[in-house]
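Summary of structural features
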Amino acid sequence: MDITQLILDDHHEQRRLFAILEEIDPADTGTLVAIWTRLSTFLEVHAAAEEEIFYPELLAVGIGAGRAAGTEAETLDAIHDHNDIRDAIAAVAGHQAGTSEWFAAVAAVNVANGDHMAEEEREGLTDFRRRAGLQLRHRLAVAFAAFEARHVAGVPAVDKDPEEYIREAERDLAAGGVTAGPDGSLGIGGLGRGAGQGAP
């Protein structure tokens, strides 16, 4: 197994479920709600699994390869994207299923999620396949699959502060002996020695 393939498989399923919603009669609100509940829960669990398992390892691999700045930016973007997707999902609840407003709100989730998936597939997943060994990718895939199975009924939908997420990753990586510089900071924006800014 390979965590990058599991994430791609999830992306395919997300696209499939959005496409199914577009094919259902707006009057069939029971089916719309059932599919949307499955999809929105899946999106939340997928994001939580990435935040728990994939992105900390992407940071670690990037630091080890001397690409801290690139993987830091990718991770910050991903956490921002996950927040945008969560917020868009929450907005759907304000509309009656099957109405034009409901479909528009679902479409907004699709756009936010589609933009995130495209960027992740182009950057984070590609970087990880190039730099992480198959054994690590397999180990993470097992953990990722287990996380999603354990949380199949859903996870709390809570936005994360992207910079705080990085601070926590810094602490965890430093505790494990992975650092990007003499101060142990990954150097993200105002959190450390700013990527590309040089020493103060």
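For the structure itself, consult the block above.
Because the structure is predicted, anything quoted here is derived from the model rather than measured.

1. Remarks on the overall build of the protein
- Summing up its helical and strand segments, the protein has 7 helices and 0 strands in all.
- A burial count over the protein gives 45% of its 200 residues as buried.
- Long-range pairs, those at least 24 residues apart, make up 75% of the contacts in the protein with a sequence separation of at least 6.
- Total accessible area computed for the protein in this model is approximately 9,700 Å², and 53% of it derives from carbon and sulfur atoms.

2. Description of the side chain of Asp2
- Here Asp2 is to be found in the segment before helix 1 (3-23).
- A distance of 2.7 Å separates the side chain of Asp2 from the side chain of Thr4, its partner in a polar contact.

3. Remarks on the side chain of Glu148
- With respect to the helices and strands, the residue Glu148 is situated in helix 6 (residues 134-150).
- With no salt bridge to any partner, buried Glu148 finds its closest opposite charge in Arg38, at an N-O distance of 11 Å.
- Those residues in contact with Glu148 that lie beyond four places of it in its chain are Asp10, Phe42, Val45, His46 and Ala49.

4. Observations concerning the packing of helix 1 against helix 6
- At a minimum axis distance of 7 Å, the contact between helix 1 and helix 6 shows a crossing angle of 40 degrees. In this view, helix 1 runs oblique relative to helix 6, as classed from their interaxial angle. Contacts between helix 1 and helix 6 involve Ile3, Thr4, Leu6, Ile7 and Asp10 from the first element and Arg137, Leu140, Ala141, Phe144, Ala145 and Glu148 from the second.
- Here the residues of the contact of helix 1 with helix 6 are counted per class, giving 7 nonpolar, 1 polar and 3 charged.

5. Details of the pattern of salt bridges
- Throughout the structure, instances matching the rule amount to 11 salt bridges.
- The salt bridge involving Glu13 is made with Arg16; its shortest N-O contact spans 2.8 Å. With a gap of 3 residues between them, Glu13 and Arg16 both fall in helix 1, about one helical turn apart.
- The buried category is assigned to Glu13, whose relative accessible area is 16%.
- A salt bridge links Lys160 to Glu51, with the shortest nitrogen-to-oxygen separation between them at 2.8 Å. A residue pair is termed long-range when its members are at least 10 positions apart, and Lys160 in the loop between helix 6 and helix 7 (162-175) and Glu51 in helix 2 (residues 29-64) qualify at 109 residues.
- You can call Lys160 partly exposed: its relative accessible area is 33%.
- One network of salt bridges, with partners in common, ties together Glu44, Glu51, Arg86 and Lys160.

6. Points about the packing of aromatic side chains
- Taken as a whole and judged by the stated rule, the model has 4 aromatic pairs.
- When the ring of Trp36 is compared with that of Trp102, the centres are 6.4 Å apart and the planes differ by 80 degrees; the resulting orientation is edge-to-face. Taken together, the residues Trp36 in helix 2 and Trp102 in helix 4 (residues 100-122) connect sequence positions 66 residues apart. Like Trp36, the residue Trp102 is buried in the burial classification.
- Ring centres 5.2 Å apart and planes at 70 degrees place the aromatic pair Phe54 and Phe128 in the edge-to-face group. One end of the pair, Phe54, is in helix 2; the other, Phe128, is in helix 5 (residues 124-131), and 74 residues separate them in sequence. Accessibility classification places Phe54 together with Phe128 in one group, the buried group.
- Through a chain of ring-to-ring contacts, three or more aromatic side chains come together here, namely Trp36, Trp102 and Phe103.

Conventions adopted
Residues numbered from 1 in each chain as written. Predicted model: local features only at pLDDT ≥ 70, side-chain atom pairs only at ≥ 80, totals over all residues. Heavy atoms only, no water. Helix = DSSP H or I, 4+ residues; strand = E, 2+ residues; numbered from the N terminus. Buried < 20%, exposed > 50% of the residue type's maximum accessible area, 1.4 Å probe, protein only. Contact = heavy atoms within 4.5 Å. Areas by Shrake-Rupley, 256 points an atom, 1.4 Å probe, with all protein chains shown as cover. Polar contact = N/O pair within 3.5 Å; in protein donor to acceptor, adjacent residues only side chain to side chain. Lys, Arg positive; Asp, Glu negative; His and termini not counted. Salt bridge = Lys/Arg side-chain N within 4 Å of Asp/Glu carboxyl O. Axes fitted to C-alpha atoms, helices over the stretch in contact; angles between N-to-C directions. Parallel < 35°, antiparallel > 145°, perpendicular 65-115°, else oblique. Nonpolar A, V, L, I, M, F, W, Y, C, P; charged D, E, K, R; others polar. Phe/Tyr/Trp six-rings, centres within 6.5 Å; stacked < 30°, edge-to-face > 60°.

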